Amino acid sequence: MIEIELDGKKVEVAEGSMVMHAADKAGTYIPHFCYHKKLSIAANCRMCLVEVEKAPKPMPACATPVTQGMIVRTKSDKAIKAQQGVMEFLLINHPLDCPICDQGGECQLQDLAVGYGGSASRYTEEKRVVFHKEVGPLLSMEEMSRCIHCTRCVRFGQEVAGIMELGMVHRGEHSEITTITGDTVDSELSGNMIDLCPVGAITSKPFRYSARTWELSRRKSVSPHDSTGANLIVQVKNHKVLRVVPLENEDVNECWLADRDRFSYEAVNSEDRLTAPMLKQGGEWKTVDWTTALEYVANGLKQIKTDHGAKAIGALGSAHSTTEELHLLAKLVRGLGSENIDHRLRHADFSNTAGVRWLGTSIASLSTLQSALVVGSFLRKDHPLFAQRIRQAARKGAKVSRINAVADDWLIPTSNDLIVAPSLWTQALAEVASAVAASEGVSAPVQAEATDAAKAIAAALLAGERKAVLLGNAAAQHPQASQLLALAQWIGEQTGATVGYLIEAANTVGAQLVNAMPGNGGLNAGQMLSTGGLKAVLLLNTEPAYDAANPAAAREALNGAQMVVALTSFKNAAVDNADVLLPISPFSETSGSFVNAEGRVQSFHGVVRPLGDTRPAWKVLRVLGNMLGLKGFEFETSEEVKAEALGDLATVAGRLSNKAAVAPADVVKAAAGLERIADVPIYCTDSLVRRATSLQLTADAKPPVADIPSALWLQLGLSEGASVRVSQGQAQAVLPARLDASLASTSVRVPAGHPCTASLGAMFGAITVEKA
C-alpha cells in the first residue's frame, strides 16, 4: 500500500493505482469524461487534470500513478484553471442543442459545463459538423457532432464486448467515431455504449424523443430473460415503460446489460398485448369477462377429472415465469390429483431429478477463472453477460476450452476445441476423463482413448486453482444430459473444478426449487408433448410451437386435448390449439421473484399498472384454485406465496446440488448419418423478445439458415444463395443454406424457436438434407 496526501487528507491505495483511484477511495470527485472504472485508461479527454506537487504542469488524475508521499491538489487554482481550459476546448465545436438532445438532464458534459465552463464563448469561427451514422435499430448516432472523442464506446467494444465495431478515423479536429466500413453495430451488448457515452452522441433509438429524463419515474426490477438475473432500473411515464437501464450490482451484472434485457420492454407496450380474456366458440375468438372465462376453465377441469381422471390433466410452465406463478401452477395441478407438471420443455433427458441444478459457483467468480471447460453452449448468444465475464478471465490469461458440435465465434480466445457431433459429446467428455485419470494415476470412469485435444483440455483443468466445468443449454437439453453431468462431475472431483450448468432461463433454478416437475407417476414435458394422452393442458407463459424440444410432436399432442388453457400476455401467442386465452401480466406489471443461476433470490414489484383487464398470473391461479375448491389458496400478496414456495431463504443455498443422479456408463456409439444441432437464437428465447420490435430488426433476428459442414456442402453441390430441404421424419422445412467450416462433419445446425423451423422435429437427432 502507498500513502499519498489528497487535498490535505491522507489516503492509502494499492501500489500501481492512479490518482483517480485514490480520489474515488477518499470520496473526492475529480471531473472526467474518458475515465471509466470498467475500461482501460485512455487519458484523452484531459478533464481530470490536477496539481501534483513538484510536477511541472497539471497531470491527468486517471493516468498518473501514485508514489509514496505524493501531494495532490484537485481544487487548487492551478487545477481549476486547467480543467476550465479543457472544458473551453471541448465546447468549441459542441453544438448548442441541449434543448432537443435526448441526453439533456443526464449529461456529464452539461453538468461539468455548469461548473467549469464559461458564461460566454470566445470562439467565433464556424463549428465543425460530423455526418450522422446509421448503425442499426438500437443505437442512434445521428448527432455525432456532439462527440467529444472520449473513446469509451471504442474501448468497450474492444475490451468488454470483444469486437471492435466502432473506431476513430482522421486526426485533430477532423477526428470522428465511425464503423469504418459503414456496417451496423451488431454486438449483443451494444446498448451499453448508450450508458457509457457521456454526451448525446450515442443514444437509444427506440427511446429517441419519447420523453425528457426528468419526466421519468425510476423503479427497480429484474430481467426475465437469461439466468444472470440482471438488475434493472425501469423508467416509466404515464404508466408506460419507456426505457430500461442497468442497476449496478457488482455480484450479478456489474454495470452492464445485454440488449435483450435493455430493449425487450417494447413488447410490453406492443399492440399484440392481450387485454381481456377470450374464449374460442365455433372456431372464432370471443372476448368475455374474467368470471365467465374462469368458470369455463374450472368447470372444464372438473368435468375432465370426472370423465378421465386427474391424470388426464397436465400443466406446462415457462421458466421465464416467476417463482410464485410456478409454485401455484404446480400446487393447482397437484390439488386436482395430478403430477403432470413440468417447465423443461426443451429437454430430451428427464432422468436428472435429484437436486436443484445451478451454476456451481458464484457469477462473479467467472471473471477470475484460470481455466474453464464449456460443454454444449452457444455461450455468447445464450448468456451474453456470462460470456463477458469469461472474456475478462481470458484477457487475464485463463484457458478456455470447449466441447461442442460447432466452433462458433464467442469473441473469446479458446485454447482447446473438441468439435464433434452431439452424439459424441459423451465420448469427448469420457476422453477428457481418461486423460485426467492417466495424469492422476486413477481409474477412468469409462474406457476411452484420449485424443490430443482431450489431453490438452485435461492438462488445462489440472493446472491452476480457480477452474470450472460449465454445461451449457445444449448440454442440459441433450438426449444424454445425465451422462454428460456424471462425467463432468467425475472430472470436477479429480481436478478440483466446480461443476455446474449455465442455466437456461431467468427462473430455471426457482422452478426446480418449487418442484415444478412431475412427481411419482407424473408425465414429464417430453411425454406430455408427445404421447397426446392429456385431455386438459394449462400453458403458463409458454408457446410450445417455439419452446418445445419437438414442436411438430407438441402441436399434434395439443391438438388431441379437449381443453387447452393458455395464460399469456399476447393475443397472437403461438397456441392455435388453445380454447381459452387468459391475459396475464408480464414482469413489468406484476410482483414476484426469480432465482438466478447462482441461486440468488431476487424479488421485484410491478413498475406499471396492468394493461386493460390483464391480471398477475399468481392471482389468476389463486382464484382458479378457490373456484376449484382446493385448499391452501388463500393468499393476499405475492410475498405470502413466496414464503410458502421457497420457505426459509437462508436454506436455499443448501438445496442447490449438481450431484449426478447416475454413474458414468459406457459411451453410446455415434449415430449414423447426419445429426441436427439446434441453438435457440438470442431474440427467439421467450415471448417478450419475440415481440420486441427493435430487437427483431437486428442482425441476430434474421430468419434462420441451415449451416452445412464443408464435406456435405461439396457433396450436395451447393453454392452461395442455395436453399436446402431439411427433414426429420415427416417434418420438414426449406431454409437458405450457409457454409460453416467450423461444424463437425456429420452435424447440421438448424436453429429452433423460430416460426421458420417450428414445423421441424426434435432439437437433437437424425436429420436429412437435400438440395431444394
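This is a predicted model, so every value here is computed, not measured.

J.: Which parts of the structure should I look at to understand the overall build of the chain?
T.: Secondary structure summary: the chain contains 22 helices and 33 strands in total. Here the C-alpha atoms of the chain give a radius of gyration of 28 Å, agreeing with the 28 Å that 2.2 N^0.38 yields for 772 residues. Its C-alpha atoms put the chain at 90 × 65 × 55 Å along the principal axes. Every one of the 772 residues in the chain was classed for burial, and the buried ones make up 60%. The contacts in the chain between residues at least 6 apart in sequence include a share of 73% that link residues at least 24 apart. As presented, the chain carries roughly 29700 Å² of accessible surface, and 51% of it is formed by carbon and sulfur atoms. Side chains of the chain carry 74 positive and 81 negative charges; the gap between the two charge centres is 2 Å.

J.: Explain the sheet that holds strand β1 (residues 2-6) to me, please; I cannot follow it from the model alone.
T.: Pairing between sheet strands relies on hydrogen bonds along the backbone, with the strands arranged either parallel or antiparallel. Pairing within the open sheet is mixed, and its 5 strands lie in the order β2-β1-β5-β3-β4. Looking at the sheet topology across the chains shown, the edges are occupied by β2 (9-13) and β4 (59-60). Of the strands in this sheet, β1, β2, β3 (49-52) and β5 (71-73) touch helix α1 (residues 19-26), which is tilted by about 115 degrees from β2.

J.: Please explain the environment of E634 as it appears in this structure.
T.: One can find E634 in the loop between α19 (617-627) and α20 (638-646). E634 has contacts with N626 and E640, leaving out every residue within four places of it along the chain.

J.: Whenever I open this one, the packing of aromatic side chains confuses me. Can you help?
T.: If you walk through the whole model with that rule in mind, you get 3 aromatic pairs. Ring centres of F156 and W256 lie 5.2 Å apart, and the angle between their planes is 55 degrees; this geometry places the pair in the tilted category. You can see F156 sitting in helix α4 (residues 152-161) and its partner W256 sitting in the loop between β12 (240-246) and α6 (259-263), a full 100 residues away along the chain. Pair check on accessibility: F156 and W256 agree, each one buried. Between F594 and F604, the ring centres sit 5.0 Å apart and the planes meet at 35 degrees, which makes this aromatic pair tilted.

J.: What exactly am I supposed to notice about the pattern of salt bridges here?
T.: If the charged atoms of two oppositely charged side chains come close together, the side chains can form a pair. Enumeration according to the criterion identifies 34 salt bridges in this entry. One salt bridge connects R402 with D408, and the closest N-O pair in it is separated by 3.6 Å. Judged on exposure class, the residue R402 and its partner D408 are both buried. Where salt bridges share partners, they join R346, E543, D547, R690 and R691 into one cluster.

J.: Looking at this structure, how should I read the UniProt feature "domain: 4Fe-4S His(Cys)3-ligated-type" (unreviewed entry) in the chain?
T.: According to UniProt, the positions carrying the feature "domain: 4Fe-4S His(Cys)3-ligated-type" (unreviewed entry) are residues 78-117. Along residues 78-117 the backbone is 60% helical and 0% strand, and the end-to-end C-alpha distance reaches 16 Å.

J.: Just to check I follow, could you spell out the packing of helix α11 (residues 425-440) against helix α14 (residues 481-495) for this structure?
T.: When two helices pack together, their arrangement is given by the angle between their axes and by how far apart the axes lie. Put simply, α11 and α14 touch, their axes get as near as 10 Å, and they point 20 degrees apart. Taken together, the axis directions place α11 and α14 in an arrangement best described as roughly parallel. You can see that α11 and α14 cross each other, and the crossing is left-handed. Taken together, the residues of α14 that come into contact with α11 (itself represented by W425, T426, L429, A430, V432, A433, V436, A437 and E440) are Q483, L484, L487, A488, W490, I491, Q494 and T495. Among the residues forming the contact of α11 with α14, the class breakdown is 12 nonpolar, 4 polar and 1 charged.

J.: Can you walk me through unusual backbone geometry in this structure?
T.: For E254, which is not a glycine, the phi torsion comes out positive at approximately 55 degrees. If you check the backbone angles, N541 has positive phi at about 60 degrees while not being a glycine. A residue is classified by how much of its surface remains accessible, and N541, at 19% relative accessible area, is buried.

J.: What am I meant to see in empty space enclosed by the protein here?
T.: In this approach, a probe sized like a water molecule rolls over the atoms, and the result shows the empty space that is left. In this structure the tally under the stated criterion is 8 cavities of 30 Å³ or more. In this model, the largest cavity occupies a volume close to 380 Å³. Forming the walls of the largest cavity are 29 residues, and the residues nearest its centre are H320, R346, E504, A505 and T685. Split by residue class, the lining of the largest cavity holds 8 nonpolar, 12 polar and 9 charged. Considering only enclosed or pocket space, the second largest cavity measures out at about 210 Å³ in volume. If you go around the second largest cavity, you meet 16 residues; those closest to its centre are R344, H347, R357, A476 and Q512.

J.: I tried to follow the UniProt feature "domain: 4Fe-4S Mo/W bis-MGD-type" (unreviewed entry) in the chain on my own but got confused; where do I start?
T.: Annotation from UniProt places "domain: 4Fe-4S Mo/W bis-MGD-type" (unreviewed entry) at residues 216-272. The span residues 216-272 shows a helical share of 9% and a strand share of 35%, and its end C-alpha atoms are spaced 24 Å apart.

J.: What is the right way to read the layout of surface pockets from this model?
T.: Within this model, the largest pocket holds a volume of roughly 870 Å³. Taken together, 31 residues form the lining of the largest pocket, with Q108, R152, I194, D195 and L196 sitting closest to its centre. Mapped by element, the contributors of at least two residues to the lining of the largest pocket are α5 (192-196), β9 (203-204), β11 (231-237), β12 and α6. Looking at the lining of the largest pocket, its residues break down into 14 nonpolar, 7 polar and 10 charged.

J.: What's the story with the sheet that holds strand β23 (residues 563-568) in this structure? I'm lost.
T.: Pairing is mixed across the open sheet formed by 7 strands, whose spatial order is β14-β13-β24-β23-β22-β15-β16. The open sheet has two edge strands, β14 (284-287) and β16 (341-342), and neither has a second partner. Note: strand β22 (residues 536-540) against β23, 5 bridges, orientation parallel. What sits directly across from A536, in β23, is M563.

J.: What should I look at first to understand helix α8 (residues 323-335) in this one?
T.: Residues lying three or four places apart along an α-helix face the same way, a consequence of the helix completing one turn every 3.6 residues. Its 13 residues place the ends of α8 18 Å apart at the C-alpha level, agreeing with the 18 Å of an ideal helix rising 1.5 Å per residue. The element α8 is largely enclosed, with a buried count of 11 among its 13 residues. Looking one or two places after α8, you find G337, whose phi comes out positive at around 100 degrees.

J.: Explain the nonpolar core here, please?
T.: Across soluble globular proteins, you tend to see nonpolar side chains buried next to one another. By size, the foremost hydrophobic cluster in this structure holds 120 residues, and its most contacted members are I403, W425, V432 and L582. Broken down by element, this core gets its largest block of residues, 9 residues, from α11. Residues L112, V154, V234 and A267 belong to the second largest nonpolar core, which totals 73 residues.

J.: What am I meant to see in the pairing of strand β25 (residues 592-595) here?
T.: Residues in a regular strand project their side chains so that they alternate between the two faces of the sheet. By the alternation rule, side chains of β25 split into G592 and F594 and S593 and V595, which are all buried. Inspection of the sheet shows β25 paired to strand β26 (residues 601-604) by 4 bridges, in the antiparallel sense. Its bridge partner being in β26, V595 is matched across the sheet by V601. Here β25 hands over to β26 after 5 residues, with G599 in that stretch at a positive phi of 85 degrees.

J.: Would you mind going over the side chain of T614 with me for this structure?
T.: Take T614: it is sitting in the loop between β26 and α19. A polar side-chain atom of T614 sits 3.4 Å from the main-chain carbonyl oxygen of L274. Excluding residues that lie within four positions of it along the chain, T614 makes contacts with R273, L274, T275, P583, I584, S585 and E589.

J.: Where do I start with the side chain of Q728 in this structure?
T.: Locating Q728 in the fold gives a position in strand β29 (residues 723-728). On the accessibility criterion, Q728 (10% relative accessible area) is buried. Within the structure, the side chain of Q728 is placed 3.0 Å from the backbone nitrogen of G761, a separation counted as a polar contact.

What counts and what doesn't
- Residues numbered from 1 in each chain as written.
- Predicted model: local features only at pLDDT ≥ 70, side-chain atom pairs only at ≥ 80, totals over all residues.
- Heavy atoms only, no water.
- Helix = DSSP H or I, 4+ residues; strand = E, 2+ residues; numbered from the N terminus.
- Rg over C-alpha atoms; globule rule 2.2 N^0.38 Å.
- Buried < 20%, exposed > 50% of the residue type's maximum accessible area, 1.4 Å probe, protein only.
- Contact = heavy atoms within 4.5 Å.
- Areas by Shrake-Rupley, 256 points an atom, 1.4 Å probe, with all protein chains shown as cover.
- Lys, Arg positive; Asp, Glu negative; His and termini not counted.
- Charge placed at Lys NZ, Arg CZ, Asp CG, Glu CD.
- Pairing = 2+ DSSP bridges.
- Axes fitted to C-alpha atoms, helices over the stretch in contact; angles between N-to-C directions.
- Phe/Tyr/Trp six-rings, centres within 6.5 Å; stacked < 30°, edge-to-face > 60°.
- Salt bridge = Lys/Arg side-chain N within 4 Å of Asp/Glu carboxyl O.
- UniProt positions renumbered as here; feature names shortened; annotations may be inferred.
- Parallel < 35°, antiparallel > 145°, perpendicular 65-115°, else oblique.
- Left-handed = near helix turned anticlockwise from the far one by under 90°.
- Nonpolar A, V, L, I, M, F, W, Y, C, P; charged D, E, K, R; others polar.
- 1 Å grid on protein atoms, 1.4 Å probe; cavity = no way out; pocket = protein on both sides within 12 Å on 5 of 7 lines; lining within 4 Å.
- Points joined across faces, edges and corners; volume = space filled by probe spheres on them.
- Expected span 1.5 Å × (residues − 1).
- Core = buried A, V, L, I, M, F, W, Y, C linked by side-chain atoms within 4.5 Å.
- Polar contact = N/O pair within 3.5 Å; in protein donor to acceptor, adjacent residues only side chain to side chain.

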